[in-house]
Amino acid sequence: MTTEIVSSPELKKIAPVFGQLSFDNHEQIVFCNDKDTGLKAIIGIHNTVLGPALGGTRMWDYATEWDALNDVLRLSRGMTYKSAITGLNLGGGKAVILGDAKTQKTPELMLRFGEFVNSLGGKYITAEDVGMATSDMDLVRTVTPYVTGISEDKGGAGNPSPITAYGVFMGMKAAAKFTYGSDVLEDKKVFVQGIGNVGEALVEHLTNEGAKVFITDINRERLESVRDKYQATIYEGNNLYEEEMDIYAPCALGATINDDTIYQLKAKIIAGAANNQLAEENKHGMILRERGIVYAPDFLINAGGIINVYAELENYGKQEIIRKTENIYNTTLEILTKANVKNITTFQAAFEIAQARIDARKNEQ
Ligand code: NAD
């Protein structure tokens, strides 16, 4: 079978890795396979010009191995730009473990994964992502120092979600300043879609500021608990995109701004925590611009989490974490202004600044 694949002239032309759409000059891609534990993982190292490639490990039951490869490539690239725009001396990397985290994650599998991370000698530093818990990172820490996001009692920075939410709040305020001339969110109608770890913390900030907060989630119990805690309003309609609102805050899934939703959207600002909110960065970014909807790029305003784990590497404390996170306000304003002046998408404006920082460092080396 293998011989057939290699010898087929048609298949020889296929570029399964370097030819992936999401391949963007990644430096290194590591396929990890261990028969004994059933581990199948891919570590994507996109760029290490600014520092070691840091990014979480996601465990997901992908439909195909191609999906897993595509995901890790897309996510590791995203980490490069997130760290660069935030001013951190980190490169971009990410790992995916193929499998169902609920049924296939074992301590042996996590330890074996940790050994693979260790074998890269610090070029890649892992952290928590979907399907992972702080306890998994604690386990990985027993076989490698190249892990962040471990528990506070083990010297880690703990749960990043409250800091992520604070950064999103800062980005949202900057977008309000840009749009309305004032960053006060009192009486602004804000829809928070997904009130998980980050969404709930964001609702708290918004409530404290006197915003009119509407919440949606697929989990009814959570909805009721967050409503009772913060007096937020549960959105009972079935199409939030069509609702009149000031700010739409996607805090659940990616790609909610897509061909179906983009022309329905009535929000004036989009600012949320979810990764990859635009189904197609350039196309949908441009439509938002044309429609006059201000989009605060996700990879910029949700960087609080990485700022939090970076503290573990640089040994800085809570105060510096807060200072760096509050700086998201200034960077967001700078990017929104630049996008307007140059008539480009806000995503592109952020991307250009991040890329310029990487290029400048490369030239110094
Ligand atoms: P979470 O799993 O705690 O919360 C997600 C919430 O979204 C859950 O309550 C879930 O029920 C809800 N949800 C799922 N599908 C939904 C749908 N179709 N409509 C409405 N709600 C839905 O995750 P989180 O840690 O709060 O992260 C939220 C988003 O922010 C994710 O996209 C994540 O990748 C991103 N993010 C998180 C961090 C962090 O520090 N946790 C950092 C950067 C980015």
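### Examining the packing of aromatic side chains
Move 1: Per the stated rule, a full pass over the model turns up seven aromatic pairs.
Move 2: Geometrically, the ring pair formed by F18 and F23 is edge-to-face, given 5.2 Å between the ring centres and 80 degrees between the ring planes.
Move 3: A relative accessible area of 66% means that F18 is categorised as exposed.
Move 4: Overall, F23 belongs to the buried group, its relative accessible area being 16%.
Move 5: Pairwise contacts between aromatic rings join F191, F214 and Y235 into one cluster.

### Overview of the nonpolar core
Move 1: With 68 residues, the main nonpolar core has M172, V192, L202, V203, L206 and I215 as its most contacted residues.
Move 2: At ten residues, helix α7 (residues 161–180) tops the list of elements feeding residues into this core.
Move 3: Looking at which domains feed residues into this core, each of domain 1 (10–76 + 90–154) and domain 2 (161–312 + 331–357) supplies at least three.
Move 4: Discounting chain neighbours no more than four positions away, the residues touching V203 are V192, I195, V213, I215, V226, Y230 and A232.
Move 5: Counting residues in each nonpolar core, the second largest holds 23 residues, with V30, I43, F113 and F116 among its members.

### Some details on the domain arrangement of the protein chain
Move 1: When cut into domains, the protein chain gives domain 1 (10–76 + 90–154) and domain 2 (161–312 + 331–357).
Move 2: Using C-alpha coordinates to define each centre, domain 1 is positioned 27 Å away from domain 2.
Move 3: Counting residues at the interface gives nine residues for domain 1 and six residues for domain 2.
Move 4: Buried area between domain 1 and domain 2, summed over both chains or domains, comes out near 690 Å², and the portion from carbon and sulfur atoms is 61%.
Move 5: Among the residues of domain 1 in contact with domain 2, L50, L54 and L90 are the three that bury the most area, contributing 50% of the side total.

### A closer look at the pairing of strand β8 (residues 212–216)
One face of the sheet, then the other: side chains in a regular strand alternate in exactly this way.
Move 1: Most of β8 sits inside the fold, with four of its five residues counted as buried.
Move 2: One ladder, built from five bridges, connects strand β7 (residues 189–193) with β8; its direction is parallel. Looking across to β8, one finds that K189 is bridged to K212.
Move 3: With helix α8 (residues 197–208) bridging β7 and the parallel β8, this β-α-β connection has right-handed handedness.
Move 4: In this structure, β8 lies alongside strand β9 (residues 233–234), joined through two bridges in parallel fashion. What sits directly across from I215, in β9, is I234.
Move 5: Note that the unit made of β8, helix α9 (residues 220–230) and β9 has a crossover that is right-handed.

Rules used in this analysis
- For every chain, the first residue of the written sequence is number 1, and numbering continues from 1 onward in sequence order.
- Restriction of local features to residues with pLDDT of at least 70 applies here, the model being predicted, together with a cutoff of 80 or more for giving and counting side-chain atom pairs; totals for whole chains, interfaces and linings are based on all residues.
- Only hydrogens and water are set aside when side-chain values are computed; all heavy atoms of the structure are taken into account.
- Pairing of aromatic side chains requires ring centres within 6.5 Å, counting the rings of Phe and Tyr and the six-membered ring of Trp. Pairs whose planes differ by under 30 degrees are stacked, by over 60 edge-to-face, and all others tilted.
- Exposure classes here rest on a 1.4 Å probe applied to the protein chains alone. A residue is buried below 20% of its type maximum, exposed above 50%, and partly exposed in between.
- To define a nonpolar core, start from buried Ala, Val, Leu, Ile, Met, Phe, Trp, Tyr and Cys residues and group those joined through side-chain atoms within 4.5 Å.
- The helix and strand labels rest on DSSP assignments: H or I over at least four residues marks a helix, E over at least two residues marks a strand, and numbering proceeds from the N terminus.
- How far each domain reaches was decided by an automatic or database domain assignment.
- In what follows, a contact means two residues having at least one pair of non-hydrogen atoms within 4.5 Å.
- As a working definition, buried area equals the accessible area (1.4 Å probe) given up by two parts on being put together, with both sides summed.
- We treat two strands as partners when DSSP finds at least two bridges between them.
- Classification remark: right-handed applies to a crossover when, strands pointing away from the viewer, the course from the first strand over the helix to the second runs clockwise.

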